[in-house]
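Analysis of the macromolecular model
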Amino acid sequence: MVAALEWWSGTECTLYTDPKSYPLYGNENAIVVLNHAFEIDFLCGWTFCERFGVLGSSKVLAKKELAYVPVIGWMWYFLEIVFCKRKWEEDRTTVAQSLQNLQDYPENYWFLLYCEGTRFTPKKHQISMQVAEGKGLPQLKYHLLPRTKGFYVTVQNLRGTAAAVYDSTLNFRNNEVPTLLGILNGKKYHADLYVRRIPLESVPDDEAECAAWLHKLYQEKDSFQDHYTRTGHFPGPIMSPPRRPWSLINWLFWSCVVLYPLGLLLAQLLSSGSVLTITAAGVVCSSVSMGIRWMIGQTEIDKGSNYGIKTAPLNNN
């Protein structure tokens, strides 16, 4: 997927960050807090993981349904991705146990959190801001109200292991609306990511104070998005890491290993002359194509979950 973004579509990914923080990226454990407004925001996150050499050890707090997605979901399971049902009474213990397993993880990792809990849509934003008004919190223009309990449990379980929070805010130039299908069709996009490194010790230990800290963080993220909308860029200098060839080499290697024998098999089936065999091959190929299209559909905003809409407003926490 990273090879498709960087090498097939040629999407440009630009990093805005403090030059003093830049040398630490990829050399320490960190909690990454990313906004969730685009269909390929996860893919841009993977791209920066790859450029700093932590793609293989990157983790994410993901919804349980993704564990059952063929290939990708199974891979995530064996990579110790943390899954949640988005029901806090059940998730509190299971998420904490999964995070504890990272205490002695042998490589540097980034743990990605979407604190908004679901992708931004106008309807979800309207409901979320009703919650904010009911709680006396400032209105956000570009984000949903963050859900603080998951962030608090993550911070508490990774203290002493993770060194910092990477506050990450993503946007695309010229009001581009990127899609995974566009990437696979070779369409080029221009992603800009603004990252602030915040030492983990500056996040309060108390749960209520930690929640207030996260709300303030999202108010600041909103101001960064407003700055981007007005000026077309984020504040701060550009320190973009170059793309590396390893994702392309990996893709080419597995393409040769997998596609060549499959091509030979398909050629043999077609040359057999058997109507039944050819029909069966056509059904299998069609099923695979439909399955891939279904998986792509899971990233589309208009087919996203109702999480954030069904939830009772004042339970947003």
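It should be emphasised that the depicted structure is a prediction, and the values quoted were computed from it without experimental measurement.

Quick notes on the rules
Residues numbered from 1 in each chain as written. Predicted model: local features only at pLDDT ≥ 70, side-chain atom pairs only at ≥ 80, totals over all residues. Heavy atoms only, no water. Helix = DSSP H or I, 4+ residues; strand = E, 2+ residues; numbered from the N terminus. Rg over C-alpha atoms; globule rule 2.2 N^0.38 Å. Buried < 20%, exposed > 50% of the residue type's maximum accessible area, 1.4 Å probe, protein only. UniProt positions renumbered as here; feature names shortened; annotations may be inferred. Patch = residues over 30% accessible without salt bridge, like charges linked within 9 Å, V, L, I, M, F, W, Y side chains within 5 Å. Areas by Shrake-Rupley, 256 points an atom, 1.4 Å probe, with all protein chains shown as cover. Salt bridge = Lys/Arg side-chain N within 4 Å of Asp/Glu carboxyl O.

Comments concerning the overall build of the protein
Looking only at helices and strands, the protein features 10 helices and seven strands. Taking 20 Å as the expected radius of gyration for a compact globule of 317 residues, we find that the protein reaches 21 Å, a close match to that expectation. With the principal axes as the frame, the protein shows a C-alpha extent of 70 × 45 × 45 Å. Counting every position in the protein, which comprises 317 residues, the buried fraction comes to 45%.

Overview of the UniProt feature "transmembrane region" (unreviewed entry) in the protein
Here, UniProt's "transmembrane region" (unreviewed entry) annotation points to residues 66-84, 248-269 and 275-296. Taken end to end, residues 66-84 is 37% helix and 16% strand, and its two terminal C-alpha atoms sit 10 Å from one another. The distance separating the terminal C-alpha atoms of residues 248-269 is 30 Å; by composition the span is 100% helix and 0% strand.

Some remarks on the environment of Cys 285
Note on placement: Cys 285 falls in helix α10 (residues 275-297). In this structure the C-alpha to C-alpha distance between Cys 285 and Leu 266, which are 19 residues apart in sequence, comes to 9.9 Å.

Considerations on the environment of Ala 211
Inspection of the secondary structure assignment puts Ala 211 in helix α8 (residues 207-231). It is 8.3 Å that separates the C-alpha atoms of Ala 211 and Phe 151, two residues lying 60 residues apart in sequence.

A few points about a nonpolar patch on the surface
On the surface, a nonpolar cluster with roughly 680 Å² of combined accessible area is contributed by Phe 253, Trp 254, Val 257, Val 258, Leu 259, Leu 262 and Leu 265. Secondary-structure assignment places Leu 265 in helix α9 (residues 246-271). Judged by its relative accessible area of 45%, Leu 265 is partly exposed.

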